[in-house]
Amino acid sequence: MSGVGVFVAVVIGILAGWIADLVLARRHGLFTKLLIGVVGSFIGTFIAQRLDLRFDGFLGSLLVSSAGAIFFLAVLGIFSSIFRRPA
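Reading the values: rules and limits
Residues numbered from 1 in each chain as written. Predicted model: local features only at pLDDT ≥ 70, side-chain atom pairs only at ≥ 80, totals over all residues. Heavy atoms only, no water. Helix = DSSP H or I, 4+ residues; strand = E, 2+ residues; numbered from the N terminus. Rg over C-alpha atoms; globule rule 2.2 N^0.38 Å. Buried < 20%, exposed > 50% of the residue type's maximum accessible area, 1.4 Å probe, protein only. Contact = heavy atoms within 4.5 Å. Areas by Shrake-Rupley, 256 points an atom, 1.4 Å probe, with all protein chains shown as cover. Patch = residues over 30% accessible without salt bridge, like charges linked within 9 Å, V, L, I, M, F, W, Y side chains within 5 Å. Salt bridge = Lys/Arg side-chain N within 4 Å of Asp/Glu carboxyl O.

Student: What is the right way to read the overall build of the chain from this model?
Tutor: Helix and strand content of the chain: three helices and zero strands. The order of α-helices and β-strands along the chain, N terminus first, is α-α-α. Relative to a compact globule of 87 residues, whose C-alpha radius of gyration would be 12 Å, the chain shows 13 Å and is just as compact. Dimensions of the chain along its principal axes, counting C-alpha atoms only, are 50 × 30 × 20 Å. Relative to its full complement of 87 residues, the chain shows a buried share of 29%. Within the chain, counting contacts between residues at least 6 apart in sequence, those at least 24 apart form 69% of the total. As displayed, the chain offers around 6000 Å² of accessible surface, 71% of which is attributable to carbon and sulfur atoms.

What follows is the structure, given as C-alpha coordinates:
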(Lines give C-alpha, C1' and ligand atoms only; values in the text may rest on other atoms or scores of the structure.)
Protein backbone atom coordinates (compact mmCIF):
# COMPACT_ATOMS: atom_id res chain seq x y z
CA MET A 1 0.00 0.00 0.00
CA SER A 2 2.82 2.36 -0.74
CA GLY A 3 1.93 5.81 -1.97
CA VAL A 4 -1.60 5.80 -0.59
CA GLY A 5 -2.84 8.94 1.15
CA VAL A 6 -4.40 8.90 4.60
CA PHE A 7 -7.93 9.52 3.32
CA VAL A 8 -7.67 6.79 0.71
CA ALA A 9 -6.18 4.43 3.32
CA VAL A 10 -9.20 5.07 5.57
CA VAL A 11 -11.59 4.41 2.68
CA ILE A 12 -9.74 1.21 1.79
CA GLY A 13 -9.81 0.15 5.47
CA ILE A 14 -13.56 0.69 5.74
CA LEU A 15 -14.23 -1.13 2.48
CA ALA A 16 -11.93 -4.02 3.41
CA GLY A 17 -13.63 -4.38 6.80
CA TRP A 18 -17.04 -4.26 5.11
CA ILE A 19 -16.01 -6.94 2.59
CA ALA A 20 -14.66 -9.14 5.39
CA ASP A 21 -17.94 -8.68 7.30
CA LEU A 22 -19.90 -9.76 4.22
CA VAL A 23 -17.73 -12.77 3.47
CA LEU A 24 -17.78 -14.08 7.04
CA ALA A 25 -21.41 -13.04 7.75
CA ARG A 26 -20.53 -10.77 10.66
CA ARG A 27 -22.17 -7.50 11.71
CA HIS A 28 -19.85 -4.81 13.03
CA GLY A 29 -20.14 -1.06 13.26
CA LEU A 30 -18.36 1.40 10.98
CA PHE A 31 -15.47 2.09 13.38
CA THR A 32 -14.93 -1.63 14.00
CA LYS A 33 -14.93 -2.24 10.24
CA LEU A 34 -12.28 0.44 9.89
CA LEU A 35 -10.11 -1.19 12.56
CA ILE A 36 -10.58 -4.63 11.00
CA GLY A 37 -9.64 -3.22 7.61
CA VAL A 38 -6.53 -1.43 8.90
CA VAL A 39 -5.31 -4.50 10.78
CA GLY A 40 -6.16 -6.58 7.72
CA SER A 41 -4.18 -4.19 5.57
CA PHE A 42 -1.07 -4.72 7.68
CA ILE A 43 -1.55 -8.49 7.68
CA GLY A 44 -2.29 -8.66 3.95
CA THR A 45 0.67 -6.45 3.05
CA PHE A 46 2.99 -8.50 5.26
CA ILE A 47 1.87 -11.78 3.68
CA ALA A 48 2.00 -10.37 0.13
CA GLN A 49 5.56 -9.11 0.68
CA ARG A 50 6.67 -12.47 2.09
CA LEU A 51 5.19 -14.25 -0.92
CA ASP A 52 6.82 -11.67 -3.23
CA LEU A 53 3.44 -10.63 -4.67
CA ARG A 54 2.94 -7.09 -5.92
CA PHE A 55 -0.45 -5.38 -6.03
CA ASP A 56 -0.54 -1.75 -7.08
CA GLY A 57 -3.23 0.90 -7.11
CA PHE A 58 -6.53 1.24 -5.33
CA LEU A 59 -7.92 -2.16 -6.36
CA GLY A 60 -4.69 -3.96 -5.50
CA SER A 61 -4.61 -2.33 -2.08
CA LEU A 62 -8.28 -3.18 -1.55
CA LEU A 63 -7.69 -6.80 -2.54
CA VAL A 64 -4.71 -7.22 -0.21
CA SER A 65 -6.48 -5.42 2.66
CA SER A 66 -9.66 -7.45 2.21
CA ALA A 67 -7.77 -10.74 2.16
CA GLY A 68 -5.89 -9.73 5.31
CA ALA A 69 -9.11 -8.60 7.03
CA ILE A 70 -10.85 -11.89 6.17
CA PHE A 71 -7.87 -13.79 7.54
CA PHE A 72 -7.86 -11.63 10.69
CA LEU A 73 -11.58 -12.14 11.36
CA ALA A 74 -11.32 -15.88 10.71
CA VAL A 75 -8.44 -16.24 13.18
CA LEU A 76 -10.34 -14.16 15.77
CA GLY A 77 -13.38 -16.38 15.27
CA ILE A 78 -11.31 -19.51 15.80
CA PHE A 79 -9.73 -18.16 18.98
CA SER A 80 -13.04 -16.92 20.37
CA SER A 81 -14.63 -20.33 19.83
CA ILE A 82 -11.69 -22.10 21.48
CA PHE A 83 -11.60 -19.85 24.54
CA ARG A 84 -15.36 -19.39 24.92
CA ARG A 85 -16.57 -20.44 28.31
CA PRO A 86 -19.26 -23.10 28.41
CA ALA A 87 -22.62 -21.90 29.71
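Read on, since the account is not over.
Student: Explain a nonpolar patch on the surface here, please?
Tutor: There is a patch of nonpolar side chains on the surface, built from Phe46, Ile47, Leu51, Leu53, Phe55, Leu63 and Phe71 and spanning about 670 Å² of accessible area. Among the secondary structure elements, those contributing two or more residues to the nonpolar patch are α2 (30-50) and α3 (57-82). Tracing the backbone through its elements, the reader meets Phe55 in the loop between α2 and α3.

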